[in-house]
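Notes for the structure review
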Amino acid sequence: MRKYFDIIVIGGGHAGCEAASAAARLGSKTLMITMIRENIAQMSCNPAMGGVAKGQIVREIDALGGCSGIVTDHTMIQFRMLNRSKGPAMWSPRAQSDRMLFSQKWREILESTENLFFWQDSVVDIEKNNNGNILLHTLNKVTFEAKAVIIASGTFLNGKIYIGQNDYTGGRIGEDRVIGLTEKIKTFGIDFDRLKTGTPVRVDGRTIDFTKFIEQKGDENPGKFSYTNTPKLIKQRSCYIAYTNDKIHEILRKGFKDSPLFQGRIQGSGPRYCPSIEDKIERFSDKDRHQLFIEPEGWNSIDYYINGFSSSLPLEIQVEALTSISGFENAQILRPGYAVEYDFFPPTQLNYSLESKIFEGLFFAGQVNGTTGYEEAAAQGLMAGINAQRKINNIEPLILQRDEAYIGVLIDDLVTKGTNEPYRMFTSRAEFRILLRQDNADSRLMPIGHKIGLISDERLSTLNDKEEAISQFNEVIKKNNFFPQEINNYLEAKGTNLIQQPTRIYNILLRPQVLLDEIIEFSNSINEYTEKIKDKEYYKDVVECVEILVKYQGYVEKEKENAGKIRKFEHIELKPDFDYTKLNAISFEGREKLMKIKPRNIGQASRISGVSPADISVLLVFLGR
């Protein structure tokens, strides 16, 4: 039995899967230790990937060479592009997945990965040996040794489950918690705290009256997440929308006296942007209804996930409230909603590589860093796997900037600002979101993925062909005209001004009413070009990207300019051992925060909460000296 590895990953969730896959494919002998191998990549909460800003993250993971997008494409049962009514910076892909197939596909990928090994167990102790390697001791009295370790243990560290007055230990319903590891990590000087998350009841679909709901179908022409040749979605399953009402809220309020949340038995902070139903009706008492999404959990599953009905109230209250909603009168509940409280390690204790500042060779990824969501966890896992492999091979870590990727925003926010509640990504968190669109993740990140060794030459070649097609298509639009007799009927139908003379296609496309895929047929020059690329896998992406570049060129150029100005501060480095307490001109809070975070450059220092622009000016003056 092999007991020595280059890298060991603790945990088989979304962070652990991406970390183990990346490390092994980059050449490291990698071990994944997980409690139940059959539960690898479980979708513990809603059976969906993507969403606002999260969809961009999944595309970025794929562009860097991760697997989450590939797994999603193989297992999705519905696809929707969210926020189409807004600008392209807000467009976000989202997919419902088959929960069982999702886990099965991840296992298939991992078990066919060279250099990747598995051990079913719990890690309960950790230490450094004399040669600087890390020793892990398990519940089954097995000791493993590695050059680097990635902790991706999700909600399992001292996990506790709450349902009304009932509470018991567990990291997920039906699965035990991990004890001892947090306490040992604390002895190295690494702080920890508690967070809370929750999940709603699951309902037997055979007992639901769907005719009383609003049907929510997938897109007519569904897209994908991966830039590889993954299957196209042919058929789809619908989701449904329902609403609570005042009667439901009154029933739920009856359970407040037994609520672990309101009783104070749960100490950890819950997710602000995905609160429990009881938290919603308390915080938003002026609202007489809240939206619920009824989501299927698979192609052939009877299980339905009631998105928006997360709760830790007593089971009888959950049942009474749910069955009072129109369409759920005869609903049979398969599993109660519950809250889970767990340990996390404030991420300001990490370097940008996700390696501990205190314990060399120890990396953290996923919910143990205070995030919520599969996508945020997977992104961290990918970066931790990449950087652990680079660490043990004495290569500089891969660090993505805020203007390069949502992943860069995510990690910078965690490391620089920290979090005291489960962190969720939104487009509003990215100051350069017009640069970080879902359609250009491959252009932004695939060359990086190729450089580090996770993207093949073939994939990079396909990207280069696509980039060339975008460039040539753009030139066609800039150089050729529309004549009045070709386009005026279309313009009239769209309610925009007619043209009286030949006009550049580019200028026509600038009009918000005009869509590129609709005007292709009216131009011989466009038709002539598109015929050359119509059979390519990337054809639709090229059309979409060209239209965005034309309509939003001014905004794109302005953001690039602003990003360039801010980038200069990222190059002004600060020494990690610098004593900020000596700079009396900096505010007391500023000095305190700078000493705690130990920023690596002026850019990071400027984003620390509590460090003012005046404090940054003092630092710049000092460095100027």
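Residues numbered from 1 in each chain as written. Predicted model: local features only at pLDDT ≥ 70, side-chain atom pairs only at ≥ 80, totals over all residues. Heavy atoms only, no water.

With that settled, consider the overall build of the chain. The helix and strand tally for the chain stands at 22 helices and 21 strands. The C-alpha radius of gyration computed for the chain amounts to 26 Å, which stays within 12% of the reference 25 Å derived for 625 residues, consistent with globular compactness. Along the three orthogonal principal directions, the C-alpha set of the chain runs to about 80 × 70 × 55 Å. Sorting the 625 residues of the chain into buried and exposed places 58% on the buried side. Nonlocal contacts in the chain, meaning residues at least 24 apart in sequence, comprise 72% of its contacts between residues at least 6 apart. As displayed, the chain offers around 26500 Å² of accessible surface, 47% of which is attributable to carbon and sulfur atoms. (Helix = DSSP H or I, 4+ residues; strand = E, 2+ residues; numbered from the N terminus. Rg over C-alpha atoms; globule rule 2.2 N^0.38 Å. Buried < 20%, exposed > 50% of the residue type's maximum accessible area, 1.4 Å probe, protein only. Contact = heavy atoms within 4.5 Å. Areas by Shrake-Rupley, 256 points an atom, 1.4 Å probe, with all protein chains shown as cover.)

Next up on the list: helix H10 (residues 374–392). Relative to the 27 Å expected for 19 residues at 1.5 Å per residue, H10 spans 27 Å between its end C-alpha atoms, a close match to the ideal helical length. For H10, the tally of buried residues reaches 18 of 19 residues, placing the bulk of the element in the interior. Count one or two residues on from H10 and you reach asparagine 394, which has phi positive near 55 degrees. (Expected span 1.5 Å × (residues − 1).)

The subject of this paragraph is the sheet that holds strand S4 (residues 76–82). If you walk across this open sheet you meet the three strands as S3-S5-S4, and the pairing is antiparallel. The open sheet has two edge strands, strand S3 (48–50) and S4, and neither has a second partner. Neighbour-to-neighbour, the strand axes of this sheet turn through a mean angle of 20 degrees, independent of strand direction. Here S3 runs beside strand S5 (residues 92–97); their pairing, made up of three bridges, is antiparallel. Pairing of alanine 48 across the sheet is with glutamine 96, part of S5. Strands in contact with helix H3 (residues 68–75) are S3, S4 and S5; relative to S4, the strand with the most contacts, it is inclined by about 115 degrees. (Pairing = 2+ DSSP bridges. Axes fitted to C-alpha atoms, helices over the stretch in contact; angles between N-to-C directions.)

Let us now look at the environment of leucine 322. As for its placement among the helices and strands, leucine 322 is situated in helix H9 (residues 315–322). Take leucine 322: its relative accessible area is 0%, and that puts it in the buried class. Remark: the alpha-carbon pair of leucine 322 and asparagine 307, spanning 15 residues in sequence, is separated by 12 Å. If we skip the residues at most four places from it in the chain, leucine 322 touches Val201, Val203, Ile306, Phe309, Phe328 and Ile333.

The next subject is helix H19 (residues 553–570). In a regular helix each residue adds 1.5 Å, so 18 residues correspond to 26 Å; H19 covers 26 Å between its end C-alpha atoms and thus fits that length. Residues Val556, Glu559, Ala563 and Glu570 constitute the buried set of H19.

We now examine the side chain of asparagine 601. In this fold, asparagine 601 is placed in the loop between helix H20 (588–597) and helix H21 (602–606). You can call asparagine 601 buried: its relative accessible area is 1%. For asparagine 601, the side chain forms a polar contact with the main-chain oxygen of glutamate 570, separated by 3.3 Å. Within the structure, the side chain of asparagine 601 is placed 2.7 Å from the backbone nitrogen of glutamine 604, a separation counted as a polar contact. What asparagine 601 contacts, discounting residues up to four positions off in sequence, is Phe569, Glu570, Ile572, Glu573 and Leu574. (Polar contact = N/O pair within 3.5 Å; in protein donor to acceptor, adjacent residues only side chain to side chain.)

The next subject is the packing of helix H1 (residues 14–25) against H10. In the contact formed by H1 and H10, the axes pass within 7 Å of each other and the chain directions differ by 30 degrees. Comparing their axes, H10 and H1 come out roughly parallel. Two packed elements cross with a definite hand, and for H1 against H10 that hand is right-handed. Within the contact between the two elements, H1 uses His14, Ala15, Glu18, Ala19, Ala22 and Ala23 and H10 uses Tyr374, Ala377, Ala378, Gly381, Leu382, Gly385, Ile386 and Gln389. Along the lines of polarity and charge, the residues of the contact of H1 with H10 split into nine nonpolar, four polar and one charged. (Parallel < 35°, antiparallel > 145°, perpendicular 65-115°, else oblique. Left-handed = near helix turned anticlockwise from the far one by under 90°. Nonpolar A, V, L, I, M, F, W, Y, C, P; charged D, E, K, R; others polar.)

Nothing here speaks to function; it is geometry throughout.
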